[in-house]
Amino acid sequence: MIVTAWCVAEVGLALNFLGFVLSFIAAAAIYAAVETPVRMRRALGSTRALLMFFGCSSAALIGVAAIVAFSGGFPGRFGPEVHRILAYAEDDADDYLKCDVRSPSWTGVCVIGDLSVEPDALLMGDSHAFVEAGAFDLWLKREGRSAIFAFHYGCLPTLGAGRQSCNEYSERMISLAEATRSIHDVIIVSIWKQSFQDSVLFDGVWRRGAAKQSYFVRSHDRTLDRLVGAGKHVTLV
């Protein structure tokens, strides 16, 4: 069934059942063709032959594994475009880790973009904000602008959502935007998947079903009302 999921985009009940049946057929074939002859000593009849077979096969397996490990997984089998994508996927935005509100190096202020000008924007969000910080940094520099930036892993960046540390983070950032007259734009970045989860924590209570959807919308509305009421232009990413 795992192999089926790799090979087929959508695995339905029929394919799951087919994979289940085929797994028994494959197990029976292996038992009849491999395990039984070895157990009955019809194949590899002597102890010496059995040990030599397993010794050679183990050595071959270790050799292949070593070649794969030292070669980096045979990178030559991929074209330049694949290598470019792989390099992008492994590109960590370490320069922005200091903007994690949970980081020991967090000072309460983290500015990205053109550091020679006063910040006129605020960027907040979850880990997706961290991942996209580099793009925002480049964009701000090209525009001759800067932004205050802070992120919190695993937090829906809206009022009343998530655990206490998430609530404190969202309240701190929104209050900062309200109190800073130079900030005109607030950019909120998140995966925004919480409404599709089985249960979500809002206002300290786990919400499910229709209540979850209602509190998800309410949390967004409360956040937007505060920011728009303070004269800020809000962008959700």
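Fair warning: this is a prediction, and the values are worked out from it, not measured in the lab.

Scoring rules and cut-offs
- Residues numbered from 1 in each chain as written.
- Predicted model: local features only at pLDDT ≥ 70, side-chain atom pairs only at ≥ 80, totals over all residues.
- Heavy atoms only, no water.
- Helix = DSSP H or I, 4+ residues; strand = E, 2+ residues; numbered from the N terminus.
- Buried < 20%, exposed > 50% of the residue type's maximum accessible area, 1.4 Å probe, protein only.
- Core = buried A, V, L, I, M, F, W, Y, C linked by side-chain atoms within 4.5 Å.
- Contact = heavy atoms within 4.5 Å.
- Phe/Tyr/Trp six-rings, centres within 6.5 Å; stacked < 30°, edge-to-face > 60°.
- Lys NZ or Arg CZ within 6 Å of the ring centre and 35° of its normal.
- Pairing = 2+ DSSP bridges.
- Expected span 1.5 Å × (residues − 1).
- Arc of directions from axis to C-beta.
- Patch = residues over 30% accessible without salt bridge, like charges linked within 9 Å, V, L, I, M, F, W, Y side chains within 5 Å.
- Areas by Shrake-Rupley, 256 points an atom, 1.4 Å probe, with all protein chains shown as cover.
- Salt bridge = Lys/Arg side-chain N within 4 Å of Asp/Glu carboxyl O.

Caption draft 1: Structural view of unusual backbone geometry. If you check the backbone angles, Trp 192 has positive phi at about 55 degrees while not being a glycine. Assignment of secondary structure puts Trp 192 in the loop between strand S4 (185-189) and strand S5 (199-202). When its relative accessible area of 18% is taken as the criterion, Trp 192 is described as buried.

Caption draft 2: Geometry of the nonpolar core. Residues Leu 122, Met 124, Val 186, Ile 188, Phe 202 and Leu 227 are the most contacted members of the largest nonpolar core, which totals 22 residues. Put simply, the parts of the chain that give this core at least two residues each are strand S2 (121-125), strand S3 (146-151), helix H6 (164-179), S4, S5 and helix H7 (209-229). When residues in this core are grouped by element, the largest group, 4 residues, is from H6. Residues in contact with Ile 188, not counting those within four places in the same chain, are Met 124, Pro 157, Thr 223, Leu 227, Val 234, Thr 235, Leu 236 and Val 237. Listed in part, the 16 residues of the second largest apolar core include Ala 121, Leu 123, Ala 129 and Ala 133.

Caption draft 3: Molecular detail of the packing of aromatic side chains. According to the stated counting rule, one finds 6 aromatic pairs in the structure shown. Between Phe 20 and Phe 24 the ring centres are 5.0 Å apart and the planes differ by 75 degrees, which places this aromatic pair in the edge-to-face class. Linking Phe 20 with Phe 24, this pair stays in helix H2 (residues 13-39), spanning 4 residues, or about one helical turn. The ring of Tyr 215 has Arg 207 sitting right over it, with the charged end atom 3.8 Å from the ring centre. In this structure, Arg 218 packs its charged tip against the face of Tyr 215, placed 4.3 Å from the ring centre.

Caption draft 4: Spatial organisation of the pairing of S4. The element S4 is largely enclosed, with a buried count of 4 among its 5 residues. As paired elements, S2 and S4 share 5 bridges and run parallel to each other. Residue pairing in the sheet places Met 124 in a bridge with Ile 188 of S4. Bridge analysis of S4 against strand S7 (residues 233-236) gives 4 bridges, and the strand direction is parallel. Within the sheet, the bridge partner assigned to Asp 185 lies in S7 and is His 233.

Caption draft 5: Quick peek at the environment of His 83. Residue position: His 83 is located in helix H4 (residues 80-89). When its relative accessible area of 32% is taken as the criterion, His 83 is described as partly exposed. Once residues lying within four places of it in the same chain are set aside, the contact partners of His 83 are Pro 75 and Phe 78.

Caption draft 6: Quick look at H7. Along its 21 residues, H7 runs 30 Å from first to last C-alpha, staying within 8% of the 30 Å computed at 1.5 Å per residue. Of the residues making up H7, those classed as buried are Lys 212, Tyr 215, Phe 216, Ser 219, His 220, Thr 223 and Leu 227. In an axial view of H7, the angular spread of the buried residues amounts to 135 degrees, which keeps them on one side of the axis. Pointing more than 90 degrees away from the buried face of H7 are the exposed residues Ala 210, Asp 225, Val 228 and Gly 229.

Caption draft 7: Layout of the environment of Ile 174. Mapped onto the elements, Ile 174 comes out in helix H6. Judged by its relative accessible area of 0%, Ile 174 is buried. Sequence-wise, Ile 174 and Val 131 are 43 residues apart; in three dimensions their C-alpha atoms are separated by 21 Å. Once you skip the residues sitting within four places of it in the chain, Ile 174 turns out to touch Leu 159, Thr 223, Arg 226 and Leu 227.

Caption draft 8: Examining a nonpolar patch on the surface more closely. A surface patch of nonpolar side chains, amounting to about 690 Å² of accessible area, comprises Phe 17, Leu 18, Phe 20, Val 21, Leu 22, Phe 24 and Ile 25. For Leu 22, the location among the structural elements is in helix H2. A relative accessible area of 45% places Leu 22 in the partly exposed class.

Keep in mind these values describe shape, not function.
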